[in-house]
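Each chain, letter by letter, is given below.
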Amino acid sequence: MNKFCCFGVSYSQIVGGRSASSSGKGKSHEGSIKYGFSLIKGKANHPMEDYHVAKFIQTQGHELGLFAIYDGHLGDRVPAYLQKHLFSNILQEEEFWVDPNRSISKAYERTDQAILSHGSNLGQGGSTAVTAILINGQRLWVANVGDSRAVLSRGGQAIQMSIDHEPNTERGSIEHRGGFVSNMPGDVPRVNGQLAVSRAFGDRNLKYHLRSDPDIQDTTIDNNVDILILASDGLWKVVSNQEAVDIAKGVKDPRKAAKQLTAEALKRDSKDDISCVVVRFRA
């Protein structure tokens, strides 16, 4: 594969280390599409477990925008692995340029198998994923496992481009695999009383009862599309899709928009790690 290159990236980190708040921004080669991101550690007593990707690359005569949120649990090793390897695995699929859907699906599965085979190094934890690939600024492919979410603004209306994989909605699949879904008072539904999502990377101790195949959606980026938001459930637990779009649309700088979204989640007492990428089209 051709050597990748990135354009117009700036980054800042406050306090330092993975426990820090961080934000940054960048743009496409022509500058017509801009992005920003913001990550804030939650109030839980563990290191930051959210990772992200936000960059433009050029390869094989095409410009690709690569954006992702990886929300880890039981440690940060699996989301860190995904940050480093998932997009590379997708783009290494021979059929990517002719069949992105199949290539993304195969790469998700192949990446999960690699994570499980590295169990001694990556531990027992896991991660959600939501990935977005923008091809030449014209076609968008979104895939996800778990409850990290992608929302598109078309004419100011929020359109969810991912599916939240929750235990109750996929109870049949979990029970068919020999697992169960707990519904304890005061708690969210959990696979085998443990995990609050029904699909994830890793989680070797639960893997027989979980899925890691993604749901995939694609759309054309026309003149009516103005914003794309990717975020972990630290945002979506307290901010609706339309509220997020309205906030992001009201801030021209996508980095400031991402920071405003994470700040709003904190204001609404979100206790989880909060990570957010905002892409603004026709900047």
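All of these numbers come straight from a predicted model, not from anything done at the bench.

### Brief notes about the UniProt feature "domain: PPM-type phosphatase" (unreviewed entry) in the protein chain
Thought 1: Mapped onto this numbering, the UniProt entry gives "domain: PPM-type phosphatase" (unreviewed entry) at residues 34-281.
Thought 2: Annotation note: span residues 34-281, helix share 28%, strand share 33%, distance between end C-alpha atoms 7 Å.

### Some words on the nonpolar core
Thought 1: Formed by 29 residues in total, the largest nonpolar core has its most connected members in Tyr-70, Ile-90, Tyr-108, Ile-133 and Phe-201.
Thought 2: Those elements that place two or more of their residues in this core are strand 4 (50-59), strand 5 (62-73), helix 1 (77-91), helix 2 (100-117), strand 7 (129-135) and strand 8 (139-145).
Thought 3: No other element matches the 7 residues that helix 1 contributes to this core.
Thought 4: Excluding residues that lie within four positions of it along the chain, Ile-133 makes contacts with Leu-64, Gly-65, Leu-66, Phe-87, Ile-90, Phe-96, Ile-104, Arg-139, Leu-140 and Trp-141.

### Thoughts on helix 7 (residues 254-267)
Thought 1: Between the first and last C-alpha of helix 7 there are 20 Å, a value that for 14 residues agrees with the 20 Å anticipated at 1.5 Å per step.
Thought 2: Along helix 7, the residues that are buried comprise Pro-254, Arg-255, Ala-257, Ala-258, Leu-261, Thr-262, Glu-264 and Ala-265.
Thought 3: Among the residues of helix 7, the N-terminal cap falls to Asp-253, whose side-chain oxygen and the backbone nitrogen of Arg-255 are separated by 2.8 Å.
Thought 4: Looking at the residues trailing helix 7, positive phi occurs at Asp-269, about 70°.

### A look at the pattern of salt bridges
Thought 1: Evaluated as defined, the whole model comprises 22 salt bridges.
Thought 2: For Arg-211, the salt bridge identified is with Asp-213, shortest N-O distance 2.7 Å.
Thought 3: Its salt-bridge partner being Lys-237, residue Asp-233 comes within 3.4 Å of it at the nearest N-O pair.
Thought 4: A relative accessible area of 9% means that Asp-233 is categorised as buried.
Thought 5: Of the residues examined, Lys-237 reaches a relative accessible area of 57% and is grouped as exposed.

### A few points about the layout of surface pockets
Thought 1: In this model, the largest pocket occupies a volume close to 810 Å³.
Thought 2: If you trace the largest pocket, you find 30 residues lining it, with Arg-190, Leu-195, Ala-196, Val-197 and Asp-233 closest to the centre.
Thought 3: Only strand 5 and helix 5 (233-236) provide two or more residues apiece to the lining of the largest pocket.
Thought 4: The element best represented in the lining of the largest pocket is strand 5, accounting for 3 residues.
Thought 5: Broken down by class, the residue content of the lining of the largest pocket amounts to 10 nonpolar, 8 polar and 12 charged.

### A look at the pairing of strand 2 (residues 21-27)
Thought 1: For strand 2 and strand 3 (residues 34-40), the ladder comprises 6 bridges, and the chain directions are antiparallel. Across the sheet, the residue bridging to Lys-27 is Lys-34, located in strand 3.
Thought 2: Linking two consecutive strands that pair antiparallel, namely strand 2 and strand 3, is a turn of 6 residues; a positive phi of about 80° is found at Gly-31 within it.

### Focus: the packing of aromatic side chains
Thought 1: According to the stated counting rule, one finds 5 aromatic pairs in the structure shown.
Thought 2: A centroid spacing of 6.1 Å and a plane angle of 35° characterise the contact between Tyr-35 and Phe-56, whose relative ring orientation is tilted. Of this pair, Tyr-35 sits in strand 3 while Phe-56 is found in strand 4, placing the two residues 21 residues apart along the sequence. For the pair formed by Tyr-35 and Phe-56, the shared burial category is buried.
Thought 3: Taken together, a centroid distance of 4.9 Å and an interplanar angle of 80° make the contact between Phe-96 and Trp-97 edge-to-face.
Thought 4: Overall, Phe-96 belongs to the buried group, its relative accessible area being 1%.
Thought 5: Feature note: the residues Tyr-35, Phe-56 and Phe-67 constitute an aromatic cluster, connected by ring pairs.

The rules behind each value
Residues numbered from 1 in each chain as written. Predicted model: local features only at pLDDT ≥ 70, side-chain atom pairs only at ≥ 80, totals over all residues. Heavy atoms only, no water. UniProt positions renumbered as here; feature names shortened; annotations may be inferred. Helix = DSSP H or I, 4+ residues; strand = E, 2+ residues; numbered from the N terminus. Core = buried A, V, L, I, M, F, W, Y, C linked by side-chain atoms within 4.5 Å. Buried < 20%, exposed > 50% of the residue type's maximum accessible area, 1.4 Å probe, protein only. Contact = heavy atoms within 4.5 Å. Expected span 1.5 Å × (residues − 1). Polar contact = N/O pair within 3.5 Å; in protein donor to acceptor, adjacent residues only side chain to side chain. Salt bridge = Lys/Arg side-chain N within 4 Å of Asp/Glu carboxyl O. 1 Å grid on protein atoms, 1.4 Å probe; cavity = no way out; pocket = protein on both sides within 12 Å on 5 of 7 lines; lining within 4 Å. Points joined across faces, edges and corners; volume = space filled by probe spheres on them. Nonpolar A, V, L, I, M, F, W, Y, C, P; charged D, E, K, R; others polar. Pairing = 2+ DSSP bridges. Phe/Tyr/Trp six-rings, centres within 6.5 Å; stacked < 30°, edge-to-face > 60°.

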